Amino acid sequence: MDEYSIVTDSLTKRFGDLVAVDHVSFSVKKGEIFGFLGPNGAGKTTTIRMLCTLSRPSDGSATVAGFDIVKGDNQVREHIGLVSEKMIMYDRLTAYENLKLFAKLYNIPKQKMEEKIDELLKLVHMEKWKDAQIGTFSTGMKQRINVIRALLNEPKILFLDEPTLGLDPQSTAEIREFIRKINAENHTTIILTTHMMAEADLLCNRVGIIDHGKIVALDTPQALKKMISGEDMLVIELDISNLTNGMAEILQKNECVKALTRLSDTRLKVQAVGANAFGSILDTVKSQGGILQSVKNLQPTLEDVFLHITGREVRDEASSKVKETRHHGPPGMRSNNRVR
Amino acid sequence: MGFKQTINHSVWICWKDLLEFTRSKMGLIMVIIMPLFMMIMVGFIFPDSAATIEDAPIAVANLDSGPLGGNFTANLEYVNSETGMMTLTSADGMEDIRSQIYEGKIDGGIVISENFTADLLAGRQGTIAIMTDQSNPQMSMQVQAALSMTITQMGSGAAMANLNQTYGIPANETLAAIKPYTVEVESLIPNDPSYFQFVAPGIMAMVVMMSLMTGLPHAISYEKDTGTLDGMLVAPIRRLSIILGKVLAQTSRGMLQGLIILVLAILLFGVTIYGNVLLVFFIMFLAVFSFVGLGILITSFSDKEETASMMMMTLMFPMMFLGGVFFPIEQMPGFMQTISQFLPLTYATSALRKVMILGAGIDSIMTEILFMLAFGLIFLAVAVPMFKRAMNR
């Protein structure tokens, strides 16, 4: 048991008739970055809230840092830090006052508190803003303070619920870098939930895909991707300068093509299966008189894995308007019977 | 986790709440303006007593054919010129007065009957009819009282003159002959208490109640809505520290408002405190204590800030009106009086009134103190476990 930070056993949460988390069992190793992937409402946040002792499980059990989340809730709290979806910060207080309040709640002695606050502020390059009110900060600045607030008590396990939601690309990159750094330097176990597949792919050692309250796949990102590429899955990006809707439709009818996404006026992303899939697709393009500018062989992403397993796409609200996805064949064909 | 740590955590949570509060300029201004508004409102809209009408437009119709009706009118004008209660105009008769009242020109009228002189000369009483605008009961009552008083006074004057002239009783003894008794009011305190003196202690109790009952659920539900409450819940502190911290912060705010009212009442409205000021604060503190449990209970029941405020309002209004803040409880119907006997505000108001107006000591308000303590303890005993349960949903 010593090698695990978190062990859950049939963890279940019901809200009336709705089963938000349905008999979920998994373990997280010490020092691991573990990602929880899934669309909104899949049960990620509810699982995290139960593990953080904020919500009592309806059924099943779990230990966090070696303590039961119900019977040992206060011991669990000593060893965890939480960065939840909503920022835990008071706008009218300064960065320092916010950190001071939580340091006091964790019984950190005054001397150590001052050192710790300065050290953490320096870590996220916010020492200049120590005495400015949080309300005047940008979202990215707020989130940096929010993250270091969760680190005041030097937690063994850090829970991050959608830590980069709504941040600009620069802050997103910084927060990701910071997460990696904490994990590498302090061996802090990190539980991360996200609906951004790329984020999970970049950060996580292992990923659990959760849908409708159940874990439908759990492995390293590489293994998950191999799971679909192992069946000769080909993911390519075609750049056709004279691309038309008709051409895309005919391409979609090619029996090798499993899914087709129009990326822009000229670019298409194609998922295909079959020994001669690549040749067959090129032939179709040629036969339609398409002028092929370039072909990129794309690695399958976790997004492709999720699509493959659930038959649905995890949509980022913002990007869903831009993307236009077309599935080949009836949706029922892509069932999740290949999940082992 | 020890008692000391629980207190320590709650003090820091209180520190945070008060710091947030002092950073909100609007909030600070409102803390002063709200009680000031309340005081000015009740201080000026409620009438002092029946005798304060001034320049009320009153029409007089003299239907009498004899000379005594004219005498009466002249006398009335003379008395009125001294009191200044009415502005007298003339009218043709009852019908004219009625229509003038309908038009809103006058508040009431006096009619001297046709046979006024004849009746008086024949040894009968002369009849004066009074008509008032009954659509405004308060005003109507005041006008009636003023008219009756004026006319009675004139009657006494006439009677005294009669006794002196007809029976030869010396002028300085005539008053004792027609009014053998006189009443002197011995008060407990030097001056007559104004309505304001009556209402100021009630408002203090009410504002303390309001700031706690609205402040506490707001403080907790707001943090629940914005997600910051999770930060405290995920820290290794007792749930009790969170409630305690919030209660401490809201109590300080409520007491501050109570103090502001007290100062305003003394400086602006001439209220005098006859009792011990420390005792006044002790009662305010007890009042806060008696509402705390109720406030926590409502917080536990409501999932959102909106629900909390609505529940608050529903409970607060009856308390405000049944707690004896504005109207004496004795004037209410029987079953309302019964309800008011179960409201802590009733006891807070009563205790504050006894101490502030009458200068009573602690032993005279034991009933009030015990009730507030009991009410507070019972509700806390129910509310704290409910709150803990609600936090673990």
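Each value, and the rule that gives it
- Residues numbered from 1 in each chain as written.
- Chains lettered and ligands numbered in written order.
- Predicted model: local features only at pLDDT ≥ 70, side-chain atom pairs only at ≥ 80, totals over all residues.
- Heavy atoms only, no water.
- Contact = heavy atoms within 4.5 Å.
- Buried area = accessible area lost by both parts, 1.4 Å probe.
- Salt bridge = Lys/Arg side-chain N within 4 Å of Asp/Glu carboxyl O.
- Polar contact = N/O pair within 3.5 Å; in protein donor to acceptor, adjacent residues only side chain to side chain.
- Helix = DSSP H or I, 4+ residues; strand = E, 2+ residues; numbered from the N terminus.
- Nonpolar A, V, L, I, M, F, W, Y, C, P; charged D, E, K, R; others polar.
- Expected span 1.5 Å × (residues − 1).
- Buried < 20%, exposed > 50% of the residue type's maximum accessible area, 1.4 Å probe, protein only.
- Domains from an automatic or database assignment.
- Core = buried A, V, L, I, M, F, W, Y, C linked by side-chain atoms within 4.5 Å.
- 1 Å grid on protein atoms, 1.4 Å probe; cavity = no way out; pocket = protein on both sides within 12 Å on 5 of 7 lines; lining within 4 Å.
- Points joined across faces, edges and corners; volume = space filled by probe spheres on them.
- Phe/Tyr/Trp six-rings, centres within 6.5 Å; stacked < 30°, edge-to-face > 60°.
- Lys NZ or Arg CZ within 6 Å of the ring centre and 35° of its normal.
- Pairing = 2+ DSSP bridges.
- Axes fitted to C-alpha atoms, helices over the stretch in contact; angles between N-to-C directions.

Structural notes on the interface of chain B and chain A
In step 1: Counting from both sides, the interface comprises 28 residues of chain B and, opposite them, 29 residues of chain A.
In step 2: Summed over both sides, the interface of chain B with chain A buries roughly 2,700 Å², with 59% coming from carbon and sulfur.
In step 3: The largest share of the area that chain B buries against chain A comes from Arg23, Val234 and Pro236 of chain B, three residues that together contribute 24% of it.
In step 4: At the surface where chain B touches chain A, the tally comes to two salt bridges.
In step 5: Residue Asp230 of chain B pairs with Arg49 of chain A through a salt bridge whose shortest N-O separation is 2.7 Å.
In step 6: Here chain B and chain A share eight residue pairs in polar contact (both at pLDDT 80 or more) between them.
In step 7: Breaking the side of chain B that touches chain A down by element, the ones donating at least two residues are α1 (3-23), α8 (195-226) and α9 (228-233) of chain B.
In step 8: Broken down by element, the residue count for the side of chain B that touches chain A peaks at nine residues, all from α1 of chain B.
In step 9: Here the side of chain B that touches chain A is composed, by residue class, of 12 nonpolar, eight polar and eight charged.

Describing helix α14 (residues 344-358) of chain B
All names here are of chain B.
In step 1: Helix length check: α14 (15 residues) gives 20 Å between terminal C-alpha atoms against 21 Å at 1.5 Å per residue, within 8%.
In step 2: All of the buried residues in α14 are Pro344, Leu345, Thr346, Tyr347, Ala348, Thr349, Ala351, Leu352, Arg353, Val355, Met356 and Ile357.
In step 3: Considering only its buried residues, α14 is in contact with α8, α10 (239-269), α11 (277-301), α12 (305-322), α13 (334-340) and α15 (366-391).
In step 4: Within two residues after α14, Gly359 carries a phi angle of roughly 70°, on the positive side.

Here we look at the domain arrangement of chain B
In step 1: Domain annotation for chain B reports domain 1 (56-186) and domain 2 (194-392).
In step 2: Domain 1 of chain B and domain 2 of chain B are separated by 51 Å when their C-alpha centres are compared.

Brief notes about the nonpolar core
Within soluble globular proteins, side chains that are nonpolar generally end up buried alongside one another.
In step 1: Of all hydrophobic cores here, the largest spans 161 residues; its most connected members are Ile145, Phe159 and Ile209 of chain A together with Met209 of chain B.
In step 2: A per-element tally of this core places α8 of chain B first, with 17 residues.

What about unusual backbone geometry?
Among all residues save glycine, negative phi is the norm, and among peptide bonds the norm is trans.
All names here are of chain A.
In step 1: Residue Ser10 is not a glycine yet carries a positive backbone phi of 50°.
In step 2: Residue Ser10 is classed as partly exposed on the basis of its relative accessible area, which comes to 26%.
In step 3: For Asn107, which is not glycine, the phi torsion reads 55° and is therefore positive.
In step 4: Here Asn107 is to be found in the loop between α3 (95-105) and α4 (110-123).
In step 5: Residue classification places Asn107 among the partly exposed positions, given a relative accessible area of 33%.

Observations regarding the layout of surface pockets
All names here are of chain B.
In step 1: The computed volume of the largest pocket comes to approximately 1,000 Å³.
In step 2: If you go around the largest pocket, you meet 37 residues; those closest to its centre are Phe21, Gly215, His218, Ala219 and Arg253.
In step 3: Those elements that provide at least two residues to the lining of the largest pocket are α1, α2 (25-45), α8, α10 and α12.
In step 4: Sort the elements by how many residues they give to the lining of the largest pocket and α8 lands first, with nine residues.
In step 5: Looking at side-chain class alone, the lining of the largest pocket contains 17 nonpolar, 10 polar and 10 charged residues.

Examining the packing of aromatic side chains
In step 1: This structure, assessed with the given rule, holds 10 aromatic pairs over all chains.
In step 2: Seen in terms of ring centroids, Tyr347 of chain B and Phe371 of chain B are 4.0 Å apart; in terms of plane orientation they differ by 20°. Their pairing is stacked. Remark: Phe371 of chain B occurs in helix α15 and Tyr347 of chain B occurs in helix α14; sequence separation between them is 24 residues.
In step 3: What links up through ring pairs into an aromatic cluster is the set Tyr347, Phe371, Phe375 and Phe379 of chain B.
In step 4: Here the guanidinium or amino end of Arg149 of chain A rests over the ring plane of Phe102 of chain A, the centre of that ring lying 5.4 Å away.
In step 5: A cation sits over an aromatic face here: Lys16 of chain B above Tyr90 of chain A, 3.8 Å from the ring centre.

Description of the pattern of salt bridges
Residues and elements named next belong to chain A.
In step 1: Enumeration over the complete set of coordinates arrives at 28 salt bridges over all chains.
In step 2: The salt bridge partner of Arg267 is Glu237, with a shortest N-O separation of 2.9 Å. One end of the pair, Arg267, is in strand β13 (residues 267-272); the other, Glu237, is in strand β11 (residues 234-240), and 30 residues separate them in sequence.
In step 3: Judged by relative accessible area, which is 29%, Arg267 ranks as partly exposed.

Here's the deal with the sheet that holds strand β8 (residues 189-194) of chain A
Residue and element names in this part refer to chain A.
In step 1: Strand order in the open sheet formed by six strands is β6-β7-β8-β3-β9-β10, with mixed pairing between adjacent strands. Both edges of this open sheet fall to β6 (80-83) and β10 (214-219), since each of them pairs with a single strand only. Across the sheet, the mean angle separating the axes of adjacent strands is 15° when strand polarity is ignored.
In step 2: Helix α6 (residues 169-186) rests against β3 (33-37), β7 (157-161) and β8 of the sheet, and its axis sits at about 155° to β8.
In step 3: This element, helix α11 (residues 302-310), spans β3, β9 (206-211) and β10 of the sheet and lies at about 40° to β9.

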